[in-house]
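Okay, here's what each chain looks like letter by letter:
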Amino acid sequence: MSTGQRQLSPSSRAHLPNGHFPVLQRAHYEPPWSNTSIIGVAGSSGSGKTSLSLAIINQLSLPWVVLMSMDSFYIPPQGEQLQAAFRNEYDFDSPKAIDFDLLVEKLAEIKAGKKTDIPVYSFEKHARLAHTTSIYSPHVLILEGIFALHDPRVRDMLDLKIFCEAESDLCLSRRLIRDIRERGRDIEGVIKQWFAFVKPNFTKYVEPQRNVADLIVPRGIENKVAISMVSDRIHKTLKEKSKEHQQKLRHLGQVSEDMALSDHINILEHTNQVRGINTILMDPDLDREEFIFYFDRLAVMLIDKATEVGTRFKPCAVHTPVPDEIYQGLQVDGEVSAVVILRGGSCLETGLKRVIPDCRTGRILIQTNVRIGEPELHFHSLVEDLAEYRCVMLLDPQMSSGGAALMAVRVLLDHGVKEDRIVFVTYMAGKMALNRLMSVYPEIKVVVCRIVEDLEPRWVEERYLGC
Amino acid sequence: MSTQEAPNQHVGPDYKPTSERPEATVSKSLSLDNVHILPQTSQLIACLTMIRDKSTNRADFIFYSNRINRLLVEEALNHLPVLPHNITTAVGRPYAGVKFEGRICGVSIMRAGEAMEQALRECCRSVRIGKILIQRDEETSNPTLFYDKLPADIKDRWVILLDPMLATGGSALMAIDVLLSKGVPEEHILFINLIASPEGAAKFAKKFPKIRIVTAFVDEGLNEKNYIVPGLGDFGDRFYTL
């Protein structure tokens, strides 16, 4: 490891515009949800695929495991076919009824770690509903459907292929119960469908999937051994992924050790007030009321600065109340939105509301696993059309290793926000963390009050929130 | 001093390309050591544009003037003396900090000055606030002192004098006389205002060279009615009653 210079590739140097700083070649960050493991669960209608999948998920009892049903990918029947569907004479049990192209496209998106919108199919209306459900950041996805192992393009993306087996009378009775109770059909219709479509299709298309499966599971949820085998395997995969993620984070730390701080990092000017407030805040004997008061004051300064850094302005001439007087001023061009990284980020919200009272605010919960020190994304709830905002502030009072920051920026990018519109606002940050972040996302901006030693434990939110 | 054009320039941080730094009228610069003008950031200009616009409603007027007032208070507080103060942080690291030195109080010139009290309180919670009422004598049009109520120990404090508009400076100069008569040293007075006229600032600098003025903007000048132009109209009316 020498200096940041060694990261300059000859090609990037050749394209440098005159008078600009050399552009460092980007380092790469892979979030733990990239290259999602996908498990396919196929089997006859009524063979207990869903229950088996749910049993596996239950046994895992982990976030980041998502179940996706292939029912979402039915092609809505049109015209005569639609009439047939309402008469129970449309063949839903043939591979032709499934939109495999769309499925392949969506699986590829999920695998790439992007936010993916999944259609919702209504059996009552035999149509796709206007809304979609979105899937984002699962580490493991279970794809469940009679034809989960049918299409070779899908099979290529599966990490584990399961075929669920059950006696055909059991399948029929389960199907009867489900279709009558949950899908509003009558008994004749269901039986008609069974013999017209389900049974012939089983022999023709469903059963052959046994030959391409890695695991054939008889007796569904009663098969406790199979369930724990699968869940053990998933655990192992997750562990490997987490190890890989941590290794990459460490590697980024080494790469960026000697780099100078990017000029996209804006450090709050250390006036007497800022130094005085810092002194008060860092006194371990300070009571909480005082801490909150002074922290809020500093937060206002940080948000003020972030607004200056991230907002775009346009000229605006106004008439003042003094007759015939015009002032050539400025107007904010485009809206600012914020995303709070929980739980620490909420300490900066009072400051945010003092500067932009009506700021639309999304929230993401990233927790660092205390055992292994790896940041984990638990929850996200973002503003709609986040990509439309001129500036998105990410709020987190402390940047220790930079792992959570890398993950949070990645979440925004995956939701379509442009990198140069992101402003990361933090009270204190370690140099290594900042360099890690900037080496991966050189176009974002950072507003920070204090640069501190690397890997300082997170204490600000504990003081502010009192627990 | 006659009315002259205030400068137009590209506003925004240097690292942004010129295309992202739109042109606007910024504060005149004055070669007076005791006048401190806030950095002319695009945000400050945008907030000023809001409160100057006669079509801005009262709620926005109050919010944006308060935002600027807070910047003014923060800047004024930076002029207070500090002493070195080293501490050990909760995570056991040393920090070379500073401690605020000297007690302060606010004094608002009624009624417009009172509109700046909120910002002062947001930065100094339990600050004492004195009041001075000065009105123009209808016959002579000279400012006359009607009322004052100030902390008893005001001579031992730093005084932040609040008045959003510094036009001719008549009433502010009178308020200063009141403060000096109570024994407040000249160099312990910080006068903050949103918009100042070059005439008012110059008059102050000449008469009280040790008093510091912190202002967000020095405007073009005064019109024949002694209104600051382009100004923002009557601050008190817009804040309290209009």
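Because the structure is a prediction, the values reported are computed rather than measured.

Asker: I tried to follow the overall build of chain B on my own but got confused; where do I start?
Answerer: Summing up its helical and strand segments, chain B has 6 helices and 14 strands in all. Taken over C-alpha atoms, the radius of gyration comes to 19 Å for chain B, in line with the 18 Å a tight globule of 242 residues would show. Once the C-alpha set of chain B is aligned to its principal axes, its extents read approximately 60 × 50 × 35 Å. Taken across its 242 residues, chain B has 54% of its residues classed as buried. Sequence separation of 24 or more characterises 61% of the internal contacts of chain B that already satisfy a separation of 6 or more. Surface accessibility of chain B: about 10700 Å² in total, with carbon and sulfur atoms responsible for 49%.

Asker: What am I meant to see in the overall build of chain A here?
Answerer: Broken down by element type, chain A carries 14 helices and 17 strands. C-alpha extents for chain A along the principal axes are approximately 85 × 60 × 55 Å. Taken across its 467 residues, chain A has 55% of its residues classed as buried. For chain A, long-range pairs separated by at least 24 residues make up 72% of all intrachain contacts whose partners lie at least 6 apart in sequence.

Asker: I keep staring at the interface of chain A and chain B and nothing clicks. Help me out?
Answerer: Often, the extent of an interface is quoted as the loss of accessible area upon association of its parts. Chain A puts 51 residues into the contact, and the matching count from chain B is 54 residues. Taken over both partners, the interface formed by chain A and chain B buries close to 4600 Å², and the fraction arising from carbon and sulfur atoms is 58%. When the buried surface of chain A facing chain B is broken down by residue, Glu 308, Tyr 327 and Leu 330 of chain A rank first, second and third, together holding 16% of it. Summed over the shared surface of chain A and chain B, the result is 6 salt bridges. For the salt bridge of Arg 125 of chain B with Glu 290 of chain A, the shortest nitrogen-to-oxygen distance reads 2.7 Å. Counting across the interface, chain A meets chain B through 19 residue pairs in polar contact (both at pLDDT 80 or more).

Asker: Would you mind going over the domain arrangement of chain A with me for this structure?
Answerer: All names here are of chain A. Once the domains are mapped, chain A shows domain 1 (37-243) and domain 2 (265-465). Of note, the centres of domain 1 and domain 2, computed from C-alpha atoms alone, are 43 Å apart. On the side of domain 2, 10 residues touch domain 1, which itself brings 9 residues to the contact. Here domain 1 meets domain 2 over a buried area of about 780 Å², counting both sides, of which 52% is carbon and sulfur. Taken as a group, Trp 64, Tyr 136 and Ser 242 account for 62% of the area that domain 1 buries against domain 2, more than any other trio of residues on that side. Here domain 1 is connected to domain 2 by 1 salt bridge. In this structure, Lys 114 engages Asp 414 in a salt bridge whose closest nitrogen and oxygen atoms are separated by 4.0 Å. The tally of links between domain 1 and domain 2 comes to 2 residue pairs in polar contact (both at pLDDT 80 or more).

Asker: Is there a simple way to think about the packing of aromatic side chains in this case?
Answerer: The relation between two aromatic rings is expressed through the spacing of the ring centres and the mutual angle of the planes. Applying the stated criterion across every chain, the model contains 21 aromatic pairs over all chains. With centroids separated by 5.1 Å and ring planes inclined at 85 degrees, the aromatic side chains of Phe 293 of chain A and Tyr 294 of chain A adopt a geometry described as edge-to-face. Its relative accessible area of 12% is what places Phe 293 of chain A among the buried residues. An aromatic cluster is present here, built from Tyr 74, Tyr 90, Phe 92, Tyr 121 and Phe 123 of chain A joined pairwise through their rings. The ring of Tyr 327 of chain A carries Arg 52 of chain B above its face, with NZ or CZ at 4.1 Å from the centroid. Over the aromatic face of Phe 217 of chain B sits the side chain of Arg 52 of chain B, whose NZ or CZ is 4.6 Å from the ring centroid.

Asker: Honestly, the side chain of Glu 419 of chain A in this entry has me stumped. Any pointers?
Answerer: Residues and elements named next belong to chain A. The topology assignment puts Glu 419 in the loop between α12 (403-414) and β16 (422-430). In this structure the side chain of Glu 419 is engaged in a polar contact, spanning 2.9 Å, whose partner is the backbone nitrogen of Glu 443. Ignoring sequence-local partners within four residues, the contact set of Glu 419 consists of Arg 26, Leu 413, Tyr 441, Pro 442, Glu 443 and Ile 444.

Asker: Any chance you could explain the pattern of salt bridges here in plain terms?
Answerer: Here the idea is simple: oppositely charged side chains can pair when their charged atoms come close. Under the definition given, this model contains 34 salt bridges over all chains. The partner of Glu 453 of chain A in a salt bridge is Arg 93 of chain B, with the nearest N and O atoms 3.7 Å apart. Of this pair, Glu 453 of chain A sits in the loop between β17 (445-452) and α14 (460-465) while Arg 93 of chain B sits in the loop between β4 (82-88) and β5 (94-100), placing the two residues on different chains. The class of Arg 93 of chain B is partly exposed, set by a relative accessible area of 22%. Beyond isolated ion pairs, a larger network of salt bridges with shared partners links Asp 93, Arg 175, Arg 178 and Asp 179 of chain A.

Asker: Hey, could you run me through α12 of chain A in this one?
Answerer: Note that an α-helix has 3.6 residues per turn; residues three or four places apart therefore point the same way. Residues and elements named next belong to chain A. Here α12 spans 17 Å end to end across 12 residues, near enough to the 16 Å set by a 1.5 Å rise per residue. Extensive coverage of α12 is indicated by the burial of 11 of its 12 residues. By the burial criterion, the buried members of α12 are Gly 403, Ala 404, Ala 405, Leu 406, Met 407, Ala 408, Val 409, Arg 410, Val 411, Leu 412 and Asp 414. The first or second residue beyond α12 is Gly 416, which carries a positive phi of 90 degrees.

Asker: Whenever I open this one, the side chain of Ser 34 of chain A confuses me. Can you help?
Answerer: All names here are of chain A. For Ser 34, the location among the structural elements is in the loop between α1 (10-14) and β1 (37-43). Using a relative accessible area of 9% as the deciding quantity, one classes Ser 34 as buried. Once residues lying within four places of it in the same chain are set aside, the contact partners of Ser 34 are Lys 111, Gly 113 and Lys 241.

Asker: How do you make sense of the environment of Trp 158 of chain B when you look at a structure like this?
Answerer: Residue and element names in this part refer to chain B. Take Trp 158: it is sitting in strand β9 (residues 158-162). Separated by 67 residues in sequence, Trp 158 and Lys 225 place their C-alpha atoms 34 Å apart. Apart from residues no more than four positions distant in its own chain, Trp 158 is found in contact with His 79, Leu 80, Pro 81, Gly 102, Arg 103, Ile 104, Cys 105, Glu 187, His 188 and Arg 212.

Asker: Is there a simple way to explain the environment of Asp 153 of chain B in this structure?
Answerer: All names here are of chain B. One can find Asp 153 in the loop between β8 (143-149) and β9. Judged by relative accessible area, which is 23%, Asp 153 ranks as partly exposed. Sequence spacing of Asp 153 and Lys 182 is 29 residues, and the spatial spacing of their C-alpha atoms is 9.0 Å.

Asker: Sorry if this is basic, but what is going on with the sheet that holds strand β2 (residues 65-69) of chain A here?
Answerer: Pairing between sheet strands relies on hydrogen bonds along the backbone, with the strands arranged either parallel or antiparallel. All names here are of chain A. Taken in spatial order, the 5 strands make up an open sheet running β2-β5-β1-β6-β7, and their pairing is parallel. One side of each edge strand has no neighbouring strand; the edge strands of this open sheet are β2 and β7 (215-218). On average, each strand axis in the sheet is tilted by 20 degrees relative to the strand beside it, whichever way the strands run.

Asker: Any chance you could explain the packing of helix α6 (residues 168-182) of chain A against helix α7 (residues 187-206) of chain A here in plain terms?
Answerer: In a pair of packed helices, the angle between the axes and the distance between the axes together describe the arrangement. Residues and elements named next belong to chain A. Packing of α6 against α7 brings their axes to within 10 Å, and their N-to-C directions diverge by 135 degrees. Classed by the angle they form, the pair α6 and α7 counts as oblique. α6 and α7 meet at a crossing whose hand is right-handed. Contacts between α6 and α7 involve Ser 168, Cys 171, Leu 172, Arg 175, Leu 176, Asp 179 and Ile 180 on the former and, on the latter, Ile 187, Val 190, Ile 191, Gln 193, Trp 194 and Val 198.

Asker: Would you mind going over the pairing of strand β11 (residues 189-196) of chain B with me for this structure?
Answerer: Consecutive residues of a regular strand have side chains that alternate between opposite faces of the sheet. All names here are of chain B. With 8 of 8 residues buried, β11 lies mostly within the body of the structure. The sheet contact formed by β9 and β11 spans 4 bridges and is parallel. Pairing of Ile 160 across the sheet is with Leu 190, part of β11. Note on the crossover from strand β10 (residues 165-166) through helix α4 (residues 170-181) to β11: the handedness is right-handed.

Conventions we followed
Residues numbered from 1 in each chain as written. Chains lettered and ligands numbered in written order. Predicted model: local features only at pLDDT ≥ 70, side-chain atom pairs only at ≥ 80, totals over all residues. Heavy atoms only, no water. Helix = DSSP H or I, 4+ residues; strand = E, 2+ residues; numbered from the N terminus. Rg over C-alpha atoms; globule rule 2.2 N^0.38 Å. Buried < 20%, exposed > 50% of the residue type's maximum accessible area, 1.4 Å probe, protein only. Contact = heavy atoms within 4.5 Å. Areas by Shrake-Rupley, 256 points an atom, 1.4 Å probe, with all protein chains shown as cover. Buried area = accessible area lost by both parts, 1.4 Å probe. Salt bridge = Lys/Arg side-chain N within 4 Å of Asp/Glu carboxyl O. Polar contact = N/O pair within 3.5 Å; in protein donor to acceptor, adjacent residues only side chain to side chain. Domains from an automatic or database assignment. Phe/Tyr/Trp six-rings, centres within 6.5 Å; stacked < 30°, edge-to-face > 60°. Lys NZ or Arg CZ within 6 Å of the ring centre and 35° of its normal. Expected span 1.5 Å × (residues − 1). Pairing = 2+ DSSP bridges. Axes fitted to C-alpha atoms, helices over the stretch in contact; angles between N-to-C directions. Parallel < 35°, antiparallel > 145°, perpendicular 65-115°, else oblique. Left-handed = near helix turned anticlockwise from the far one by under 90°. Right-handed = clockwise from strand over helix to strand, strands pointing away.

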